[in-house]
Each structure stands twice: as C-alpha cells, then as structure tokens.
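In case you want the letters, here they are:
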Amino acid sequence: MIESLKRNWKGMVLMLISALTLSIGSFLWKRADLGDIATAVTSIAGLWGIFLKILPGFIVYVIGAAVMTIALGYGELSVLQPMNCMSYVFALIISAIFLTEPITPLTILGILVIIVGVFLIGGSSNEH
C-alpha cells in the first residue's frame with residue numbers, strides 16, 4: 001500500500017486538486033441565475049447574458065479537466081481515476097457551506113465510504 005502511494009502521490013494530489021476545481025465549477029454553474037431562459041435565448045443580448053453568467057464556471061471546470069489530464073501522466077489510471085469521486089465530497093461540502101444544503105447522517109456515511117474507498121484503491125496498486 002505504501003509503495004503504491006509513493007509511486008502515485010503526484011498524480012493523487014493533482015487529482016484531488018482537479019476534483020476540487022470541478023466541484024467549484026459546478027457550484028458556479030449552480031449559482032448562475034439564468035432567469036427566464038426561454039425569453040433570454042430570443043435575443044443576442046440575452047444569449048450573451050447567459051454566456052457571461054456561465055463563463056466563470058466553465059473556465060474553472062476546464063482548468064479542472066486540464067489538471068486531471070496532467071495528473072494522469074503521474075500515476076496509474078486505475079488508481080487515479082477513482083479519485084474523481086472526491087468531487088462529490090467537495091461538492092457536498094461546498095453546497096453545505098455556501099448553499100446551506102443539509103448534511104444528514106446518511107450523507108456523512110456516504111462521504112466516509114467514498115473517502116475510504118478512494119484510499120483503499122489508491123493503495124491497492126501492485127505494479128513494481
């Protein structure tokens with residue numbers, strides 16, 4: 001387990017950064033108040049307004065995807081790709097803090113299962 005973590009640590013750190021960035025991008029999309037989309041898309045100004053509202057989330061999301069692509073060069077795909085699940089944990093924390101969405105005991109249990117699963121997969125590589 002320790003050898004796998006030593007071998008893949010750079011990729012794992014980058015994947016965690018990617019997961020956080022993807023969660024922030026999703027949060028920014030959620031916060032973008034698009035108003036009445038049906039009315040907005042009937043004019044160039046309305047389309048431009050929608051574009052400007054979703055642009056920050058898009059930029060952050062693209063940065064997260066780029067970091068993920070870089071991360072995959074620093075470790076094994078079977079170890080790193082499951083770390084994307086941490087984006088669910090980050091999204092839940094962000095939504096609880098900024099959107100005051102509730103966190104239930106079952107949600108906490110789910111978070112713990114994801115974290116333990118990611119840790120076990122991260123340490124499970126047998127490649128030498």
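Residues numbered from 1 in each chain as written. Predicted model: local features only at pLDDT ≥ 70, side-chain atom pairs only at ≥ 80, totals over all residues. Heavy atoms only, no water.

(A) Inspection of the environment of Ile-108 at higher detail. You can see Ile-108 is positioned in helix α6 (residues 105-122). Along the backbone, Ile-108 and Leu-92 are 16 residues apart, and their C-alpha atoms lie at a distance of 9.8 Å. (Helix = DSSP H or I, 4+ residues; strand = E, 2+ residues; numbered from the N terminus.)

(B) Just helix α1 (residues 2-31), in detail. Relative to the 44 Å expected for 30 residues at 1.5 Å per residue, α1 spans 40 Å between its end C-alpha atoms, a close match to the ideal helical length. Remark: the principal bend of α1, roughly 65°, maps to Asn-8. Of all the positions in α1, only Ser-4, Asn-8, Gly-11, Met-12, Met-15, Ser-18, Ala-19, Thr-21, Leu-22, Ser-23, Gly-25 and Phe-27 are classed as buried. Looking at the buried positions of α1, the neighbouring elements they touch are α3 (44-71), α4 (77-80), α5 (86-98) and α6. (Expected span 1.5 Å × (residues − 1). Bend = angle between axes of the 7 residues up to and from the residue. Buried < 20%, exposed > 50% of the residue type's maximum accessible area, 1.4 Å probe, protein only. Contact = heavy atoms within 4.5 Å.)

(C) Main features of the nonpolar core. Within the largest apolar cluster, 14 residues are counted, with the highest numbers of intra-cluster contacts made by Met-12, Met-15, Leu-80, Met-83 and Met-86. Among the elements that take part in this core, α1 stands out by supplying four residues, more than any other. The residues touching Met-86, leaving out its near neighbours within four places in the chain, are Leu-16, Ala-19, Ile-114, Ile-115 and Val-118. (Core = buried A, V, L, I, M, F, W, Y, C linked by side-chain atoms within 4.5 Å.)

(D) Spotlight on the packing of α1 against α5. Taken N-terminus to C-terminus, the directions of α1 and α5 make an angle of 45°; their axes are 8 Å apart at the nearest point. By the angle between their axes, α1 is oblique relative to α5. Remark: the crossing between α1 and α5 carries right-handed chirality. Along its contact with α1, which presents Leu-16, Ala-19, Leu-20, Ser-23, Ile-24, Phe-27 and Arg-31, the element α5 presents Met-86, Ser-87, Phe-90, Ala-91, Ile-94 and Phe-98. Among the residues making up the contact of α1 with α5, the classes are represented as ten nonpolar, two polar and one charged. (Axes fitted to C-alpha atoms, helices over the stretch in contact; angles between N-to-C directions. Parallel < 35°, antiparallel > 145°, perpendicular 65-115°, else oblique. Left-handed = near helix turned anticlockwise from the far one by under 90°. Nonpolar A, V, L, I, M, F, W, Y, C, P; charged D, E, K, R; others polar.)

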